[in-house]
Amino acid sequence: MSNYLDDISSERNPLLQEMEQFAKEKNIPIMELNGIDTMLHFMKIGNVKSICEIGTAIGYSALRMVSALPGSTICTIERDLERYELARKYISRSNNAKQISIIFGDALEDEDKVAKSAPFDALFIDAAKGQYQRFFEIYEKYVVPGGIIFTDNVLFKGLLEEKIEVIESKRTRQLVTKIARFNDWLIKNENYETVIIPTGDGLAVSIKK
Ligand code: SAH
Ligand code: MG
C-alpha cells in the first residue's frame, strides 16, 4: 500500500529530492512520503503556523513543513552534530531558510533553548523511540490549547501487530514494548483526543483539549 501512495505523492523540488536520495543512501530515517503528506494535511486543516520538531535529522521534514505552510515557522532540535550540520547546509540552500531555527542539542536536556520559540500550534515528536513519553511530557506545555501533537513511528514497521515472542532482537523487543506502552498511555490521556493512523510508519495525532 505504502509504495503505491509514495509513488503518487505530489512532486518535490530538486533540493528535497536530493535530500531524499541522500537519506536513502546513508540510511537516515526521514519521514515516509505518505506519512508526511498526512501530517501536512492535518497541519493545513488546523491552520498551524508555529511548530516545534524533536529530531531534525538532515532537515527534510522541517523543510517540507515550512514549504507546505506559508508564513509558518519551525524550531527544530537535533543532538547529532553531523546531522545538525548537514541540516544547516541543506536548509541554507532553500528559499524557506528564514522560517527555520535549528538548535544543536539534546531535547531531554535543552528544553530552555526550545522554550524561547514557544508557544507552538503543533509539536512533532520524531526522535529516539524509547523516549517518546518523556519528550511528550517535557514539551506538551508549550503547545496551545486546540494545538496538535504528532508522534511518528508509533507502529514501528508493523511490529506492534506481531506477537512479541517472534521478534528476534532483544533490543527491538524492548523498543516495541516501550512504544506499545506509550501508545496505550497516549490513547488514555484525557487531556488529548488521539487517533493512530496507519500512514508512513504509524502516526499518532493528538488534539490538545
Ligand atoms: N524528522 C526527520 C527525521 C528524524 S530521525 C525527518 O523526517 O526528516 C530522528 C533524529 O532524532 C535523529 O537524527 C536523532 O539523532 C535525533 N534524536 C534522537 N534523540 C534525540 C534527542 N534526545 N534530542 C535531539 N535529537 C534527537
Ligand atoms: Mg520518523
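Thresholds applied
Residues numbered from 1 in each chain as written. Chains lettered and ligands numbered in written order. Predicted model: local features only at pLDDT ≥ 70, side-chain atom pairs only at ≥ 80, totals over all residues. Heavy atoms only, no water. Phe/Tyr/Trp six-rings, centres within 6.5 Å; stacked < 30°, edge-to-face > 60°. Helix = DSSP H or I, 4+ residues; strand = E, 2+ residues; numbered from the N terminus. Buried < 20%, exposed > 50% of the residue type's maximum accessible area, 1.4 Å probe, protein only. Near = heavy atom within 4 Å. Polar contact = N/O pair within 3.5 Å; in protein donor to acceptor, adjacent residues only side chain to side chain. Areas by Shrake-Rupley, 256 points an atom, 1.4 Å probe, with all protein chains shown as cover. Nonpolar A, V, L, I, M, F, W, Y, C, P; charged D, E, K, R; others polar. Disulfide = S-S within 2.5 Å.

Asker: How do you make sense of the packing of aromatic side chains when you look at a structure like this?
Answerer: The description of an aromatic ring pair uses the distance of the two centres, along with the angle that the planes make with each other. A full pass over the atoms with the stated rule returns 9 aromatic pairs. Aromatic side chains Tyr 132 and Phe 182 sit 5.5 Å apart centroid to centroid with 65° between the ring planes, which places their arrangement in the edge-to-face category. Note that Tyr 132 is positioned in helix α7 (residues 132-139) and Phe 182 in helix α8 (residues 170-188), a separation of 50 residues in sequence. Across this residue pair, the class does not change: Tyr 132 and Phe 182 are buried. Ring-pair connections join several aromatic residues into one group, and the members of that group are Tyr 132, Phe 136, Phe 182, Trp 185 and Tyr 192.

Asker: Any chance you could explain unusual backbone geometry here in plain terms?
Answerer: Across residues other than glycine, the phi torsion is negative in most instances, and most of the peptide bonds are trans. The omega torsion across Ala 118 and Pro 119 is 0°, close enough to zero to call that bond cis. Of note in this structure, Ala 57 is not a glycine but carries a positive phi near 55°. Position of Ala 57 relative to the elements: it lies in the loop between β1 (50-54) and α4 (60-68). Of the residues examined, Ala 57 reaches a relative accessible area of 12% and is grouped as buried.

Asker: How should I be thinking about the site of ligand 1 in this particular structure?
Answerer: Around ligand 1, a shell composed of 21 residues is seen, among which Met 31, Glu 78, Arg 83, Ala 107 and Asp 126 lie nearest. Between ligand 1 and Gly 55 there is a distance of 2.9 Å, counted from a nitrogen atom to a backbone nitrogen or oxygen. Interatomic distance of 2.9 Å between a side-chain N/O atom of Asp 106 and a nitrogen atom of ligand 1. The fraction of the free accessible surface of ligand 1 (590 Å²) that becomes covered by protein chains is 94%. By residue class, the composition of the shell around ligand 1 is 10 nonpolar, 4 polar and 7 charged.

Asker: Which parts of the structure should I look at to understand the state of the cysteines?
Answerer: Here is the idea: a disulfide is a covalent bond, and it sits between the sulfur atoms of two cysteines. Scanning all chains against the criterion turns up 0 disulfides. Considering cysteine sulfurs only, Cys 75 is the nearest to Cys 52, which forms no disulfide, with 5.5 Å between them. Here Cys 75 falls in the buried class, since its relative accessible area comes to 1%.

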